[in-house]
Amino acid sequence: MASGSNPVTADGQMEEARKTGEALLTSGMAHDLKAIQVLANLPLPLSKKYRHVMVGTMLKENVSGGNKAQVLESLTHLAKALSILEKYGCNLTSPLRPKFWRSVKHANTVFRATVDSIQGGRQVLFLYGYTQQQSDGLSFPDDVTEPDREKVAAVTLEVMTLRTEIDMLIKGTHPHEEIFSDFIPQFNIEKDATTTDAVVIPPQQAEESGRKRSPPPVLPKPKLPTEFQTPKLPPSSESPAGMKNSSSSSTEQCNLCGGSATVVCPSCDHQSFCDACDDLFHRHPARNHHKREPKTSREMCCICGVSPVHARCATCVQVLCRKCDDLFHSHPDRKGHSRTVLESTKVNSASSSTWTCSQCATVNKAQNTLCATCKNSSTPSNTEWKCKSCTVINQGSSVLCEVCERPRLAPPLSITPALHSSGSITVVEPNWACPFCTFVNPLSTTACEVCRTPKKQSNVSPTLQKSSGDAKHQVPAPPQPKPKPRVGLDLKRQDRMKQDGLKLVQQIKEAEKRGVSPEEVYAALRFCDGSTDPCDWHTTELPQLLDDICGMAASVHANVSASGEGLALSRAEAKLAWLATGGDTERAVMQVLRDRKLKMMELHSLGFRDTGQCEEALRQSGGQVKDALSLLQRPLLDPFHKRIWSEQPEPPLDPNHPDKERLCRRLLALYDLPSWGRCELTLSLLQEPDMAYSLEDVVQAVRESHDRDFIRRVLNNECPVCLSIFPRSKMQSLTSCQCSVCLDCFTRHFTIAVRDKSIWDMVCPTCGNPDINDAENSNNYFSTLDIQLRECLEPDVYDLFHKKLRDHTLMKEPNFLWCCHCAYGFINEGDQMKVTCLSCSKSFCAKCKKPWEAQHQDLSCEQFQQWKRDNDPEYQRQGLAGYLRDNGITCPRCRFQYALTKGGCLHFTCTQCRYQFCSGCNNPFNKENCRTEQCNFTGLHAHHPRDCLFYLRDWEPEKLQALLKRSNVDFNTEAPDGPQVGTCGVMEQKDEASNADSPCGVQTQAGQAGLCDKHYREYLVSLINAHSLDPAPLYDPDSLTRACERYRVDIQRRPNEDDNAYYFRLLQKLMEVPLGEKVCRNATQEPHAT
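Here goes a summary of the coordinates provided.

What counts and what doesn't
- Residues numbered from 1 in each chain as written.
- Predicted model: local features only at pLDDT ≥ 70, side-chain atom pairs only at ≥ 80, totals over all residues.
- Heavy atoms only, no water.
- Axes fitted to C-alpha atoms, helices over the stretch in contact; angles between N-to-C directions.
- Helix = DSSP H or I, 4+ residues; strand = E, 2+ residues; numbered from the N terminus.
- Parallel < 35°, antiparallel > 145°, perpendicular 65-115°, else oblique.
- Contact = heavy atoms within 4.5 Å.
- Nonpolar A, V, L, I, M, F, W, Y, C, P; charged D, E, K, R; others polar.
- Phe/Tyr/Trp six-rings, centres within 6.5 Å; stacked < 30°, edge-to-face > 60°.
- Lys NZ or Arg CZ within 6 Å of the ring centre and 35° of its normal.
- Patch = residues over 30% accessible without salt bridge, like charges linked within 9 Å, V, L, I, M, F, W, Y side chains within 5 Å.
- Areas by Shrake-Rupley, 256 points an atom, 1.4 Å probe, with all protein chains shown as cover.
- Salt bridge = Lys/Arg side-chain N within 4 Å of Asp/Glu carboxyl O.
- Pairing = 2+ DSSP bridges.
- Buried < 20%, exposed > 50% of the residue type's maximum accessible area, 1.4 Å probe, protein only.
- Arc of directions from axis to C-beta.
- Polar contact = N/O pair within 3.5 Å; in protein donor to acceptor, adjacent residues only side chain to side chain.

## Notes on the packing of helix α7 (residues 121–128) against helix α8 (residues 149–171)
The interhelical angle for the contact between α7 and α8, taken along N-to-C directions, is 150°, at an axis separation of 8 Å. Of the possible angle classes, the one that applies to α7 and α8 is roughly antiparallel. Touching Val124, Leu127 and Tyr128 of α7 are Lys151, Val152, Val155, Thr156 and Val159, all from α8. Each residue belonging to the contact of α7 with α8 can be placed in one class, and the counts come to six nonpolar, one polar and one charged.

## A few points about the environment of alanine 701
Looking at where alanine 701 falls in the secondary structure, it is placed in helix α23 (residues 695–704). Taking the C-alpha atoms as reference points, alanine 701 and arginine 713, separated by twelve residues in sequence, lie 9.5 Å from one another. Not counting residues within four places of it along the chain, the set of residues in contact with alanine 701 comprises Ile711, Val714 and Leu715.

## Some points on the packing of aromatic side chains
Summed over all chains, the structure comprises 14 aromatic pairs. Ring pairing ties together the aromatic residues Tyr781, Phe782, Tyr798 and Phe801, which thus form one cluster. Over the aromatic face of tryptophan 101 sits the side chain of arginine 97, whose NZ or CZ is 4.8 Å from the ring centroid. The cationic tip of lysine 959 hangs over the ring face of tryptophan 955; the distance from NZ or CZ to the ring centre is 4.1 Å.

## Focus on a nonpolar patch on the surface
Where nonpolar side chains cluster on the molecular surface, the patch consists of Leu636, Leu637, Phe640, Ile644 and Trp645 and spans about 590 Å² of accessible area. Considering the arrangement of structural elements, one finds isoleucine 644 in helix α20 (residues 625–644).

## Comments concerning the sheet that holds strand β1 (residues 103–105)
Backbone-to-backbone hydrogen bonds join strands into a sheet, with any given pair of strands oriented parallel or antiparallel. A sheet is described by the order of its strands in space; here three strands give the open sequence β1-β3-β2, paired in antiparallel fashion. The sheet is open, and its two edges are formed by β1 and β2 (132–134), each paired on a single side. Averaged over all adjacent pairs, the angle separating strand axes in this sheet is 20°, with direction ignored.

## With respect to helix α24 (residues 708–715)
Turning to α24, its buried residues are Ile711, Val714 and Leu715. Here the buried residues of α24 occupy an arc of 90° about the axis, which is enough to place them on one side. Contacts from the buried residues of α24 go to α22 (676–686), α23, β18 (717–718) and β19 (725–726). The opening residue of α24, the one whose side-chain oxygen lies 3.3 Å from the backbone nitrogen of aspartate 709, is aspartate 707.

Quick look at the structure:
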């Protein structure tokens, strides 16, 4: 404790700062801890300041070194580890904890290099709550759901305070360094006079200043207290010689912890921060948007943030110091990264023991031939190198020797001169290895003691000068003996070894073509001479050798066996043993006996105790345990096989059988249920009194789920068509809706739709979806329906479905035509009016679809119809009945024509495209989603114009004739020439079982051209529509008002407006509404006079 300090005041400050810091940490405000600097500056013993962390023990165990530089290096390493521990604590106290906060992995390279490399690091993690040891790290116990935030905050505050104090010790700014003198005895707390700017203060002044000094104030901004800041010099003043400028030194330090600054924040008055403090300080929501700029003076490592940058990795886009680069890129996934050295490597006395890769700048050991990262060679690739094993000269680009395929050896270490006590310098050489036989010889020998190969000459100069440079003390080296030259021997030996190696490679290639493995070739070379081919020897001599091995093994087994019986071995076993021993016969005998013993023990462990049967099974299977096991199990499975392959049917499973275990085993064997519990569930469901399903249905439902209620729902599904109950597996669904029907109803519905109806009826039998007229939906629907119908329809019905689907697709073509004779459809590629059907070979008009006649040539369809009325006796005899037939109903969508009248029900459904429309005005009938604005009617309806037959068929013939006379339109009133039958002959479709067309048959009226009243009105309306006559002028006031309301015409009466003016104005507005756009306007009229 410093002299002059008040312990009570210091204790109070410590308690206050501790409470404030723990409260901020608990609330997640680790970035705003000003209490750390207060705690670090308190002159209290470490045992009183630190209650949880054993600081004294941690300093004694982690700080070492014989001088101050080594102590500072160990303190720096300890500070890095504490900064990592500090982040662990801040993460645990933060409200937004990381996802994997429960565990700490040892495989993390940063963790291994910092926390795990110091003593006491794991004890701090234990205080945090990581008390459960795992194979790959530490974790919280399983029963702990939340960390003890108060305890973690207290421990984290002490870790942060200790890290701050160590940083102050390293920088020499700690106000009470004497506190650490008992724990760091090597550390010299007295500052060097040549490197300090401190002023010597007398004891009296120091005591007075100690009394007056107050604890560091809590400043509103994250700056150091003013008593620890170096005062800034004025711009004009110059720093003393040998002293750093205070402004430049302050910019290099973090404004919070005093460490090396890496970023500058312009939004915080250009304050400097290290990486750790920047992460904590700018995590606050009020400052997380600040843009920080990196320090341009000196770039720091992106991992530790303390050491300067050594290399830049282009793959992971990081700058790293030397230690972090070695640790980070030692991982197998990052060994191939390409790095660039940013600082020059200092050359020292130990530089000769390492080399730097020219490709990736990785520092490797001298004995490593290849780079540990990129696997490139240590020497330039354009120089040849000599193999140290077989002395073959190889190309510089090759990594392995061409002959022996051994890697290139590292060059020998450089020779270091040693200084003797006498002052002379001698050459110190290690023992040398023979380049031919690799025997290590003593230094004094001049030739190899084994092969007598002479020792190579040393590259060191025979004489070296003394370091002092005195020429008179030069000592000449003793002369080396010169062996006799061996001219050409090395080259001959290299050629011979190369030829032998190439010959062996060629033999192996030829053997592989003949199905002989390289191991067999190598073993065969031990027995055949140079004239015999190994493959031929393998074919002729190897079987006899294998028999000899089996015989010798049997005799050896008989000698050591108690029974004295031999052992039956197969050639396959003998061959495996012979290859495993490299062709050594004696070793192969012992190897095959050991292998047979292990296989016998394995079969015995599986329950087969009969030694004779096991040996015979192994002999028949060639020593393969799996095949031998099949041979041993075959007799045991014979009864089961006989029962399986017998002609008798499998007995049905009785769920009420008393042996439940036997039933469950049968279920497992026959139905492949996932577990024993599912088998018991199946039996319990089958034993329920109301269960009336087959065993297969219940098993399939049990496979899907183990929930009993869900299984009941799966087994009980009502068909909406036949109202029967079926399991879900026997229900069929369509992709266009959520409806499900049973398989029988599904098959019956689509069979009838294909045979008796059109393609538009092939929809869901329940809801009628989808809309076939939608091209996109119909294509997707029919592609899926085709797959479903393929399995349930008969072949002829399925072919008919494809035919109708084809016609449906062809009808969308603009040139598609229907034959009026045989109802055959085809695509007309010509532009002639006369078209010949490809099916019946009859001709018809491509425009009016009428049978072709010679008089139609060079005449339009209207002119041809007028000619028929004037000249065709049969047409004149039919009169208006033929006229109405020829001007029948035409589908507005597919243009299919019907020779029917428009009378009767105007709601017409086309049999070809199922389009529903009004036969009077061709407007569509809507069930829902009506496209007319402000229409809220949801039933079946259509929007008819005022000249539609829907409204005019209720007018009397005299009123219709009056409308025609008003516009001078001729109409027919007389019956056609010829005998009259008194009944209407217009063809129409009757509601009969045959659904065939037949004459109307209603009694005709006088003055109606031989037609009944209904068809005569239709005839008059067709003339009105053909001449686009507006029926509005003949409306009475009530009809005029209703028509205005129908077409949304304003019917509001003006003030003082009389009835004539009011109705005249309504009539003018109604006539502004256009007539029906889709009404047939074919202007043809009957030539007969009125």
